[in-house]
Amino acid sequence: MSKTPLRDDTRLPNRTTIAPSTPAAPSGPGRAYTSASTSTSTSTSVSASASGAAGTPLNRVLAVTILGSVMAVLDMTIVNVALRSLSEAFLAPLETIQWTATAYTLALAAVIPTASWAMGRIGARRTYLTALVLFTLGSLLAALAWDAASLIAFRAVQGLGGGLLMPVGMTMVMRAADPARMGRAMALGGLPVLVGPVVGPTLGGWLVDVASWHWIFLVNLPLGALALALAGRLLRPDAPRAGDPAPRLDVPGLLMLSPGLALLLYGLARGGEGAAAAGAFSSPGVLLPTAAGLLLVAGFVRRALTAREPLLDLRLLRDRTFAAGIGTLALFTCGYFGSMLLGPVYWQAARGFSASAAGLLAAPIGIAVGVTMQIAARRIDTTSPRRLIPAGVVLAAFGMGLSALQTGVADVAAWRVVGAAMVMGVGAGMVLMPTMTTASRNLPKERMAAASTALSINSQLGASVGTALCSVVLGAAGTDPAGFRITYAVAAALLALALVPALFLPGRRP
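What counts and what doesn't
- Counting restarts for each chain, with residues numbered from 1 along the sequence as it is written.
- Thresholds applied to this predicted model are a pLDDT of at least 70 for local features of residues and 80 or more for the giving and counting of side-chain atom pairs; totals over whole chains, interfaces and linings are not thresholded and use all residues.
- Working from all heavy atoms in the structure, the side-chain values ignore hydrogens and water.
- Each reported salt bridge corresponds to a side-chain nitrogen of Lys or Arg within 4 Å of a carboxyl oxygen of Asp or Glu.
- Under the DSSP-based scheme used, a helix requires at least four consecutive residues in state H or I and a strand at least two consecutive residues in state E, with every element numbered from the N terminus.
- Partly exposed residues are those whose accessible area sits between 20% and 50% of the maximum for their type, while under 20% is buried and over 50% is exposed, using a 1.4 Å probe and protein chains only.
- What pLDDT expresses is the predictor's confidence in each residue, scored from 0 to 100.
- By definition, residues are in contact when any of their heavy atoms lie within 4.5 Å.
- Only the stretch in contact is used when fitting a helix axis, every axis being a line fitted to C-alpha atoms; angles between N-to-C directions are given from 0 to 180 degrees.
- Here the word oblique covers every angle except those under 35 degrees (roughly parallel), over 145 (roughly antiparallel) and from 65 to 115 (roughly perpendicular).
- In this scheme the handedness of a crossing depends on how the near helix is turned from the far one: anticlockwise by less than a right angle means left-handed, clockwise means right-handed.
- Disulfide: a pair of cysteine sulfur atoms within 2.5 Å of each other.
- In this count, Pro and Cys sit with the nonpolar residues alongside Ala, Val, Leu, Ile, Met, Phe, Trp and Tyr, while Asp, Glu, Lys and Arg are called charged and the others, Gly among them, polar.
- What we call a nonpolar core is a set of buried Ala, Val, Leu, Ile, Met, Phe, Trp, Tyr and Cys residues that are connected through their side-chain atoms within 4.5 Å.

Notes on the pattern of salt bridges
Here's step 1: Throughout the structure, instances matching the rule amount to two salt bridges.
Here's step 2: Ionic pairing is found between D250 and R303, a salt bridge with its closest N-O pair at 2.7 Å. Of this pair, D250 sits in the loop between α13 (220-234) and α14 (251-273) while R303 sits in helix α15 (residues 284-306), and the two are 53 residues apart along the sequence.
Here's step 3: The exposure class assigned to D250 is buried, which follows from its relative accessible area of 4%.
Here's step 4: A relative accessible area of 27% means that R303 is categorised as partly exposed.

What follows is the structure in structure tokens.
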């Protein structure tokens, strides 16, 4: 692989330097994706792997971060299916209760940019422990919420912890894994992405029906306590040594990037929610925050490219492999995550299925993504990225195109729709983790924090833009077979566009 000026230039100011000895664990990208059929079984297996791997830094990091990721991914999917029950419990409109999800996302967007600086200031271990404490505390407070406003506030506390779990965990895993084992490490770290969409909706519905809404948050407490205990025992201290220069916080950059991302995601979410209404994106409540967010993010980009010590070192994009990976993931996550809202709406609005039936029909797709991801993320250690990843993009776009054809037929057999989506899922599994692994494999250890933060922000933005776009298209086209055909076709086009940057990935084996 050719070296770029970034990898060789040691004169550039490094805003993300952390003790290189930091081992750590992964956290999968973006939104929605291990085998946590129950909290007890997940906790037991992780504990066993942790104790058996006590002598291996990478395995220690994986044991901790997989458990933390399972907790975060399950929480997102469980809460989504309980919104109507929360609305009834608090006697609040569903539009108000939906702010529990929005507050989590906004807090997540605000805190992610600080991950790199926090790791440089107090070390990855302490940052991860802080994230676990915030997430677990937020879960407890949410379970004790007395009205909708308090629940929304406590979900924001959860978001502050959840926003740090992914980039910090990913940084620890990338540092602990040598380049030859990066794919295997990322594959194991991506396990939570497999189980969340499969187990979360089922577990959430069961908890609400059998117990009460409180348990969708209380279920996080034993997982959080176990994760904290394992992190305290297994993760090696990596705080900067006394006398080492402490990284300075880029306050102007923080004041631009964090609120800019929050406003941008808020505007996209509001536009997507009101997509069925004419001119939803031109209303002041959507247009103003979106425009303000874009301006602030653009201002941050300008500062990051000129400041000596930026909050996030965007000079990483001078590395051709990293830039190609970011571009591939931006377009792919836009189409992939954007299409995720279509399945539940199709089965319930167009076909009249129940919510639980719609969740069960989504399970094979999650399994297809997760199983393929485990195979492909390991293969990327020995296979040319330019052969594997573009093939996955083509397969995913083909599967999404098949979904457009199948959903466009009235009363089509359910197995045909699910089968088309599974083809797309196989392609997605060949793209997501392998691309993240390729983008970061040969970066210097001290730049891993900036890389994982940039990848996390990229996934959040791609997913939000895709969700808003698919919402707008579906709102305009209608929730009939013809409308779903058009919207799935748009998602397929977005996936196909990811082929362009994917062809610039390295052609040689690692």
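Now that the structure has been shown, the text picks up again.
A word on the confidence of the model for the protein chain
Here's step 1: Chain-level pLDDT for the protein chain is 79 on average; 84% of the residues reach the 70-or-more range.
Here's step 2: Across residues 1-55, confidence stays below pLDDT 50; counting only partners more than four residues off in sequence or on other chains, it has 172 contacts.

What about the packing of helix α3 (residues 57-81) against helix α8 (residues 124-143)?
Here's step 1: Running from amino to carboxyl end, α3 crosses α8 at an angle of 30°, the nearest separation of the two axes being 12 Å. Between α3 and α8, the crossing angle belongs to the class labelled roughly parallel. Regarding α3 and α8, the two cross each other, and that crossing is left-handed. Within the contact between the two elements, α3 uses V64, T65, G68, S69, M71, A72 and D75 and α8 uses Y128, L132, F135 and T136.

A closer look at the state of the cysteines
Here's step 1: Here the structure, examined in full by the defined rule, presents zero disulfides.
Here's step 2: Here C334 stays free of any disulfide, with the sulfur of C470 as its closest cysteine sulfur at 7.3 Å.
Here's step 3: Overall, the relative accessible area of 7% leaves C334 in the buried class.

Points about the packing of helix α9 (residues 148-176) against helix α10 (residues 182-189)
Here's step 1: One way to put it is that α9 packs onto α10 with a least axis distance of 9 Å and a crossing angle of 150°. On the basis of the axis angle, α9 is roughly antiparallel to α10. The two elements α9 and α10 cross, and the hand of that crossing is right-handed. In this structure, α9 uses M170, V173 and M174 to contact α10, whose residues at the interface are M182, A185 and M186.
Here's step 2: Split into classes, the residues belonging to the contact of α9 with α10 amount to six nonpolar, no polar and no charged.

As for the nonpolar core
Here's step 1: The biggest cluster of nonpolar side chains holds 134 residues, and the ones touching the most others in it are I216, F322, F332 and Y336.
Here's step 2: The biggest single contributor to this core is α3, with 13 residues.
Here's step 3: Every residue in contact with I216, bar those within four places of it in the chain, is listed here: D75, I78, V79, A82, L86, G204, L207 and V208.

What about the side chain of S452?
Here's step 1: For S452, the location among the structural elements is in helix α21 (residues 448-477).
Here's step 2: With relative accessibility at 0%, the residue S452 sits in the buried group.
Here's step 3: The contact partners of S452, leaving out residues within four places of it in the chain, are P167, M170, T171 and M174.

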